[in-house]
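The chain contents come next:
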Amino acid sequence: MELVFLTFILVLSIFLGFELISKVPATLHTPLMSGANAISGITLAGAFLSAGMQNSEYATWLGTAAVAFATINVVGGYLVTDRMLAMFKSRKGGAK
Amino acid sequence: MENINLNLIANLSYIVAAALFIFGLKMLGSPATARKGNMLSSIGMLIAVVAGLTAEGIVDFKYIAAGMIIGTIIGAAAARMIAMTSMPEMVALFNGSGGIASLLVGWGTLYAPAGEVVSTFTAVTIILAILIGGMTFTGSMIAYGKLSETIGSWRGCLLWANVLFNSLLLIALIGSGVMF
């Protein structure tokens, strides 16, 4: 049953992603890519489990490394996207 | 009882976070609301991270805290200091770090508590996580190298050797997965 539910969610999210992205102006592609990439840092939630459950020493170390990398992805991703968008906006304001 | 409530709240928070991600992405699609959309999406991430920390079975926060501090410092510093012109490389690097994170999560999940049997479904998911994470990582590293123009011909060869090596590893992995 778990398999059915998870596959269901996967299929729905594929459609959702396609619908969300399909009508975006080309100038916004780079920040959109960067923002969507930051969301993929949600793997952090899985990394917490691996780092914090104390299953074994290996799992803890792998989890800690995963937490660090995923946090880089999240923090860096959002900050970089914001910087890009800030530039986008000021340039647009200047043109007006 | 308290545990059940906490679990319920955490799961509901994930739904809220997912909704914020979707709205955030939608708003990122139009120039006027793009910045707000990014903000919304980051709030969703914050909610998801807090909910993730309450997950059942986490007994030790020391390593999580260490990992998060290291990641925050590196990520924030890199995002602040990078020149505007080298943004694409930076995004490639961040994407690669996300890829290797999911690879490591998959790898770490293999070390289940003693006595607990990893189900076939979980095993297939783990193999997929490791495969896709590894592909994301190597692909992003090659993209980074090309964008920053540091890949010379021999380094390209080296990376291809790396990919080949990973493919062999992958075949071994699938083989052992099937045997498992």
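Chains are numbered independently. Their residues run from 1 in the order of the written sequence. Here chains are named by letter from A upward and ligands by number from 1 upward, in the order in which they appear as written. Side-chain atom pairs in this predicted model are given and counted only at pLDDT of 80 or more, local residue features only at pLDDT of at least 70, and totals for whole chains, interfaces and linings cover all residues. Each side-chain value is derived from all of the structure's non-hydrogen atoms; neither hydrogens nor water enter the calculation.

A.B. asks: Explain the pattern of salt bridges here, please?
C.D. replies: Side chains that differ in charge, positive against negative, can pair when their charged atoms come close. The term salt bridge refers to a side-chain nitrogen of Lys or Arg lying within 4 Å of a carboxyl oxygen of Asp or Glu. Taken as a whole and judged by the stated rule, the model has 1 salt bridge over all chains. When the shortest N-O distance is used, the salt bridge between A:Asp82 and B:Arg35 registers 2.9 Å. Separated into two different chains, A:Asp82 in helix 4 (residues 57-95) and B:Arg35 in helix 2 (residues 34-53) make up a pair that spans both. The classification of residues rests on relative accessible area computed with a 1.4 Å probe and restricted to protein chains. Under 20% of the type maximum is buried, over 50% is exposed, and intermediate values are partly exposed. Its relative accessible area of 33% is what places B:Arg35 among the partly exposed residues. Put simply, DSSP H or I for four residues or longer makes a helix, DSSP E for two residues or longer makes a strand, and each gets a number counted from the N terminus.

A.B. asks: Honestly, the interface of chain A and chain B in this entry has me stumped. Any pointers?
C.D. replies: Many analyses report the size of an interface as the accessible area lost when the parts associate. In this complex, chain A contributes 65 residues to the contact, which on the side of chain B involves 60 residues. Buried area is calculated as the accessible area (1.4 Å probe) missing from two parts once they are joined, with the contributions of both summed. Both sides together, the interface formed by chain A and chain B hides about 5300 Å², and carbon and sulfur atoms give 76% of it. Joining chain A to chain B, the criterion identifies 1 salt bridge. Counting of polar contacts relies on pairs of N or O atoms within 3.5 Å, with two restrictions inside protein: one atom must be capable of donating a hydrogen and the other of accepting it, and residues adjacent in sequence are counted only when both atoms are side-chain atoms. Here chain A is connected to chain B by 7 residue pairs in polar contact (both at pLDDT 80 or more). Top contributing element to the side of chain A that touches chain B by residue count: helix 4 of chain A, with 32 residues. Under the convention adopted here, Pro, Cys and the residues Ala, Val, Leu, Ile, Met, Phe, Trp and Tyr are nonpolar, Asp, Glu, Lys and Arg are charged, and Gly plus all remaining residues are polar. Tallied by class, residues from the side of chain A that touches chain B come to 42 nonpolar, 18 polar and 5 charged. Here a residue-residue contact requires only that any non-hydrogen atoms of the pair lie within 4.5 Å.

A.B. asks: Would you mind showing me how to read the nonpolar core here?
C.D. replies: Among the nonpolar cores identified, the biggest contains 35 residues, and A:Leu44, A:Phe48 and A:Tyr78 are the most heavily contacted of them. Those elements that place two or more of their residues in this core are helix 2 (29-39), helix 3 (43-52) and helix 4 of chain A together with helix 1 (2-28), helix 2, helix 4 (87-109) and helix 5 (120-147) of chain B. For this core, the element with the highest residue contribution is helix 4 of chain A, accounting for 8 residues. Domain segmentation is taken from an automatic or database assignment of domains. For this core, the two domains that each supply at least three residues are domain 1 (1-58) and domain 2 (60-180) of chain B. Discounting residues that sit within four places of it in the chain, A:Leu44 has contacts with A:Val67, A:Ala70, A:Thr71, A:Val74 and B:Val49. In this structure, A:Ile72, A:Val80, B:Ala79 and B:Met90 belong to the second largest nonpolar core, which totals 9 residues. Side-chain atoms within 4.5 Å link the members of a nonpolar core, which is a set of buried Ala, Val, Leu, Ile, Met, Phe, Trp, Tyr and Cys residues.

A.B. asks: Please clarify how the environment of A:Phe69 should be interpreted in this entry.
C.D. replies: Tracing the backbone through its elements, the reader meets A:Phe69 in helix 4. Each C-alpha atom, one on A:Phe69 and one on A:Thr43, is 9.8 Å from the other, the two residues being 26 residues apart in sequence.

A.B. asks: In this structure, what is going on with the confidence of the model for chain B? I would like to understand it.
C.D. replies: Interpretation of the predicted coordinates at a detailed level should be avoided for regions scoring low in pLDDT. Confidence of the prediction at every residue is given by pLDDT, a number between 0 and 100. For chain B, the mean per-residue pLDDT works out to 81, and 86% of the residues sit at or above 70. Least confident of the elements in chain B is helix 6 (residues 153-179) of chain B, whose mean pLDDT is 68; most confident is helix 2 of chain B, at 90.

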